[in-house]
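Coordinates in review
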Amino acid sequence: MSYPPPPGGWHDPSAGPQSSPPVDPYAPEDPYAVGKSPYAPPPGDPYAAAGYPPAGYPPPGAYPPPVHPGYAPPASRTNTLAIVALVLSLVGLTSCITAPIGAIMGHVAQRQIRETGEQGEGMAKAAIIVGWILTALLVAGIIFYIVMIAIAINSDSSTNY
């Protein structure tokens, strides 16, 4: 049983070779065909001497031409507020007053990073953690000093001589 040929001019490889339509040698060339232009130069280098390799290839045994590296992708920016927040939180180790400021700025930096997609989320989180821990230690220290002063004032230090 034979099947009709498939539509669209598909070639069935099991059917054997097909002949191409005859070409008229006297027909004019199509000037609009792809790759054909009456103004295009003929292929090849017209100045190359016979027997030499084509231009652009190194001679045998020579080093290949250097390959220039491409440009690196642009680095994404780090949020400046995250950097400042971390610095202020760390300065709070000595000054104690900048730690809560750094923690608050770390919260603001995290919000900015979520909105803009910048880098620096780890720095902002570190500023928040360090800032609030140092603030808690500062408050605990102030409370400790107030209690100690109150104990010292209320203590009975009168002596009878």
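What comes next is a walk through the structure.

Scoring rules and cut-offs
Residues numbered from 1 in each chain as written. Predicted model: local features only at pLDDT ≥ 70, side-chain atom pairs only at ≥ 80, totals over all residues. Heavy atoms only, no water. Patch = residues over 30% accessible without salt bridge, like charges linked within 9 Å, V, L, I, M, F, W, Y side chains within 5 Å. Areas by Shrake-Rupley, 256 points an atom, 1.4 Å probe, with all protein chains shown as cover. Salt bridge = Lys/Arg side-chain N within 4 Å of Asp/Glu carboxyl O. Helix = DSSP H or I, 4+ residues; strand = E, 2+ residues; numbered from the N terminus. Buried < 20%, exposed > 50% of the residue type's maximum accessible area, 1.4 Å probe, protein only. Contact = heavy atoms within 4.5 Å. Axes fitted to C-alpha atoms, helices over the stretch in contact; angles between N-to-C directions. Parallel < 35°, antiparallel > 145°, perpendicular 65-115°, else oblique. Left-handed = near helix turned anticlockwise from the far one by under 90°. Nonpolar A, V, L, I, M, F, W, Y, C, P; charged D, E, K, R; others polar. Expected span 1.5 Å × (residues − 1).

Remarks on a nonpolar patch on the surface
A surface patch of nonpolar side chains, amounting to about 920 Å² of accessible area, comprises Val139, Ile143, Phe144, Tyr145, Val147, Met148, Ile149, Ile151 and Ile153. Its place among the elements puts Ile151 in helix H3 (residues 121-154).

What to know about the pattern of salt bridges
Any two side chains of opposite charge can pair if their charged atoms end up close together. For the structure shown, the criterion picks out one salt bridge. Here Arg111 and Glu115 are joined by a salt bridge, their closest N and O atoms 3.6 Å apart. You can see Arg111 and its partner Glu115 sitting in helix H2 (residues 98-116), four residues apart, about one turn around the helix. Given a relative accessible area of 41%, Arg111 falls into the partly exposed group.

Focus on the side chain of Gln110
Along the chain, the position of Gln110 falls in helix H2. By relative accessible area, which is 16% here, Gln110 ends up buried. When sequence neighbours within four positions are dropped, the list of residues in contact with Gln110 reads Ala124, Lys125 and Ile128.

Here's the deal with unusual backbone geometry
Outside of glycine, negative phi angles account for most residues, and trans bonds account for most peptide bonds. Despite not being glycine, Cys96 has its phi angle at roughly 65°, a positive value. Here Cys96 shows up in the loop between helix H1 (80-95) and H2.

Details of the packing of H1 against H2
Interaxial distance between H1 and H2 falls to 7 Å at its minimum, and their mutual angle equals 165°. Comparing their axes, H2 and H1 come out roughly antiparallel. Classified by chirality, the crossing of H2 by H1 is left-handed. From H1, Leu81, Ala82, Val84, Ala85, Leu88, Ser89, Val91, Gly92 and Ser95 reach across to H2, where they touch Thr98, Ala99, Ile101, Gly102, Ala103, Met105, Gly106, Val108, Ala109, Gln112 and Ile113. Tallied by class, the residues present in the contact of H1 with H2 amount to 13 nonpolar, seven polar and no charged.

A short note on H2
Here H2 spans 26 Å end to end across 19 residues, near enough to the 27 Å set by a 1.5 Å rise per residue. Along H2, the residues classified as buried are Thr98, Ala99, Pro100, Gly102, Ala103, Met105, Gly106, Ala109, Gln110 and Ile113. As for H2, its buried residues are in contact with H1 and H3. Looking one or two residues beyond H2, the residue adopting positive phi is Gly117, at roughly 80°.

As far as function goes, none of this settles anything; it's purely spatial.
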